[in-house]
Amino acid sequence: MIKPSEPSIPEHLAGAVLGINLDAIVGNYRTLCQNLDTVACAAVVKANAYGLGLEPVAMALAKAGCEIFFVAHIDEGIRLRRLLPDHQIHVLNGLMTGSESDFRSHCLIPVLGSLQEIRRWQQSCGSEPQPCDLHIDTGMLRLGLPPSELATIANDPSLLSGLDLQLVLSHLASADDAASVQNQQQLELFRQARQIIPTGRASFCNSSGIFLGADYHFDIARPGVALYGINPTPTRPNPMQAVVTLHARILQVREASPPAHVGYGASFAICQPSRVATAAIGYADGIPRALSNRSHGYIDGLKVPLIGRISMDLTTFDVSNTPAGVAVPGQWIELIGPNHSLEQLAQEADTISYEILTSLGRRYHRVYKGG
Ligand SMILES: *Cc1c(COP(=O)(O)O)cnc(C)c1O
């Protein structure tokens, strides 16, 4: 396995252990490929592979046959280029002014999103066209050519002359809601855009888009989150394997009887004789403070409620229902794992799994499996 570029704290010194199953990521990649039939499947590894480590994740996927990678920032592309000298690396955030020569020297493909970016790429490449992509905005109002600029190109196709256009792509806003009419509207707009710009290959769907059916597949799919085990079909059972586990270490266990309160702001009142375990994990490690008094962990499969406010480095649990000798210093509390999924944790924090993953902290001991 290729090591991540970020250091991992040794286990005996770490407050928490993050498990990342590379074999499950590869399994999920294969599942997505099966759902795509003969359509090529790229991998989105932006934001440090959704927090799981760019180098080990990308390497495992490359070994499994993935040939096309997407990152958000050019900096992520440069990091990935060191590892994968020959793979296609597309940079979704486009061509920032001043980055043109860096794209070329690292053989990275900018996803151009405006006439201005197109012009700058043409000018910087001169008479030697270099690969680039075009992003069409079909309804997100975020990145990509707006309808007005697409119309300008329709009237004057020579605006694209001298481009080595690899992909024409667009991004779905509501793919995780299969019933949303926005999916079909965007599909229709993307088809119109392809009539105006039929060059290169077409790429439309993210993880959830893959499950909207073959109409959405085009030439290349761009899944991210499903690779990392998140359910791309929220109203149906998860077709993906879980990838991540997170366990925090108990530092101390306290006996408490009323009247007493736990943590900052005394937000949890002890109402009966209890045992309170303090674990070495907090919001500085990416555990949302919104989980205060709203989540739970598991010790040896026994549910232990999260009580009191989450602090920067510590989180408290009511371990009164665990047998003597189980909740002790050094013992591990499962926060993400077979008993408590990443999605449950995200729901309890009123957020989405994407945000939990990409917030995972730097103070964990990281254990990679397989790859
Ligand atoms: C992040 C992103 C993806 C991957 O989306 P998932 O929902 O994680 O599968 C695909 N395309 C674009 C443009 C993105 O920004």
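The rules we used
Residues numbered from 1 in each chain as written. Predicted model: local features only at pLDDT ≥ 70, side-chain atom pairs only at ≥ 80, totals over all residues. Heavy atoms only, no water. Buried < 20%, exposed > 50% of the residue type's maximum accessible area, 1.4 Å probe, protein only. Helix = DSSP H or I, 4+ residues; strand = E, 2+ residues; numbered from the N terminus. Contact = heavy atoms within 4.5 Å. Near = heavy atom within 4 Å. Polar contact = N/O pair within 3.5 Å; in protein donor to acceptor, adjacent residues only side chain to side chain. Areas by Shrake-Rupley, 256 points an atom, 1.4 Å probe, with all protein chains shown as cover. Nonpolar A, V, L, I, M, F, W, Y, C, P; charged D, E, K, R; others polar. Salt bridge = Lys/Arg side-chain N within 4 Å of Asp/Glu carboxyl O. Pairing = 2+ DSSP bridges. Phe/Tyr/Trp six-rings, centres within 6.5 Å; stacked < 30°, edge-to-face > 60°. Domains from an automatic or database assignment. Axes fitted to C-alpha atoms, helices over the stretch in contact; angles between N-to-C directions. Parallel < 35°, antiparallel > 145°, perpendicular 65-115°, else oblique. Left-handed = near helix turned anticlockwise from the far one by under 90°. Disulfide = S-S within 2.5 Å.

### Let's talk about helix α3 (residues 54-63)
Burial of α3 is extensive: eight of the 10 residues sit out of reach of the surface. Among the residues of α3, Leu54, Glu55, Pro56, Val57, Ala58, Ala60, Leu61 and Ala62 are the ones counted as buried. Among the structural elements, α1 (22-36), β3 (43-44), α2 (46-50), β4 (68-71), α4 (74-83) and β19 (365-369) are those in contact with the buried residues of α3. Looking at the residues trailing α3, positive phi occurs at glycine 65, about 110°.

### Focus: the site of the ligand
In the neighbourhood of the ligand, 13 residues make up the surrounding shell, with Lys46, Tyr50, Ser207, Val225 and Tyr354 lying closest. The contact in question runs from an oxygen atom of the ligand to an N or O atom on the side chain of tyrosine 50, over 2.5 Å. With respect to the ligand, the backbone of valine 225 contributes an N or O atom lying 2.8 Å from an oxygen atom. Protein chains shield 93% of the accessible area of the ligand, which is 390 Å² for the free molecule. Tallied by class, residues from the shell around the ligand come to six nonpolar, four polar and three charged.

### Some thoughts on the pattern of salt bridges
Throughout the structure, instances matching the rule amount to six salt bridges. Its salt-bridge partner being arginine 363, residue aspartate 313 comes within 3.0 Å of it at the nearest N-O pair. In this pair, aspartate 313 sits in the loop between β16 (302-307) and β17 (315-318) while arginine 363 sits in the loop between α11 (353-359) and β19, placing the two residues 50 residues apart along the sequence. Aspartate 313 sits in the partly exposed class, given a relative accessible area of 34%. Looking at arginine 363, the relative accessible area reads 36%, which means it is partly exposed. It is possible to trace a salt-bridge network through shared partners that takes in Asp285, Asp313 and Arg363.

### Comments concerning the side chain of arginine 366
Tracing the chain through its elements places arginine 366 in strand β19. Among the polar contacts made by the side chain of arginine 366, one reaches the main-chain carbonyl oxygen of glycine 51 at a distance of 3.0 Å. Leave out the neighbours within four places in its chain, and arginine 366 touches Ser8, Leu18, Ile20, Gly51, Leu52, Gly53, Leu360 and Gly361.

### Concerning the pairing of strand β15 (residues 296-299)
Covered by surrounding structure in β15 are His296 and Tyr298 together with Gly297 and Ile299, the residues of both alternating faces. Bridge count for β15 against β16 is four bridges, and the pairing is antiparallel. When the sheet's bridge partners are listed, histidine 296 is paired in β16 with proline 305. Here β15 folds back onto β16 in antiparallel fashion, the turn holding two residues, of which aspartate 300 has a positive phi close to 50°.

### Quick look at the pairing of strand β18 (residues 332-336)
Across the five residues that make up β18, a large majority, four, are buried. In terms of strand pairing, strand β11 (residues 244-256) meets β18 through four bridges, oriented antiparallel. Following the sheet pairing, leucine 246 is matched in β18 by isoleucine 336.

### With respect to the packing of aromatic side chains
Per the counting criterion, the structure on display carries seven aromatic pairs. Centre to centre, the rings of tyrosine 50 and tyrosine 354 are 6.2 Å apart; their planes meet at 35°, and the pair counts as tilted. With tyrosine 50 in helix α2 and tyrosine 354 in helix α11, this residue pair connects regions lying 304 residues apart in the sequence. Measuring from centroid to centroid gives 4.7 Å for phenylalanine 190 and phenylalanine 204, while their planes differ by 5°, and the two rings are stacked. Taken together, the residues span a long stretch of sequence, with phenylalanine 190 in helix α8 (residues 181-196) and phenylalanine 204 in the loop between β9 (201-203) and α9 (207-210) at a distance of 14 residues. On the basis of relative accessibility, which here comes to 0%, the residue phenylalanine 190 falls in the buried class.

### With respect to the domain arrangement of the chain
When its domains are assigned, the chain resolves into domain 1 (22-228) and domain 2 (244-340). Of note, the centres of domain 1 and domain 2, computed from C-alpha atoms alone, are 42 Å apart.

### Some thoughts on the packing of α1 against α3
At a minimum axis distance of 9 Å, the contact between α1 and α3 shows a crossing angle of 45°. By the angle class used here, α1 and α3 are oblique. Helix-helix and strand crossings are classified by hand; for α1 and α3 the assignment is right-handed. Contacts between α1 and α3 involve Leu22, Ile25, Val26 and Tyr29 from the former and Pro56, Val57, Ala60 and Leu61 from the latter. Grouping the amino acids of the contact of α1 with α3 by side-chain chemistry returns eight nonpolar, no polar and no charged.

### Structural notes on the side chain of arginine 120
Secondary-structure assignment places arginine 120 in helix α6 (residues 115-125). If near-sequence neighbours (up to four positions away) are discounted, arginine 120 is found in contact with Leu95, Met96, Thr97 and Glu100.

### Observations regarding the state of the cysteines
Evaluation of the coordinates by the stated rule reveals zero disulfides. Lacking any disulfide linkage, cysteine 41 is separated from the closest cysteine sulfur, that of cysteine 33, by 4.5 Å. A residue is classified by how much of its surface remains accessible, and cysteine 41, at 5% relative accessible area, is buried.

### Focus: the environment of leucine 357
Examined against the element boundaries, leucine 357 turns out to sit in helix α11. With a relative accessible area of 0%, leucine 357 lands in the buried category. With 182 residues separating them along the chain, leucine 357 and alanine 175 place their C-alpha atoms 20 Å apart. Beyond its immediate sequence surroundings of up to four residues, leucine 357 is in contact with Tyr50, Gly51, Leu52, Tyr228, Ile230, Val244 and Leu342.

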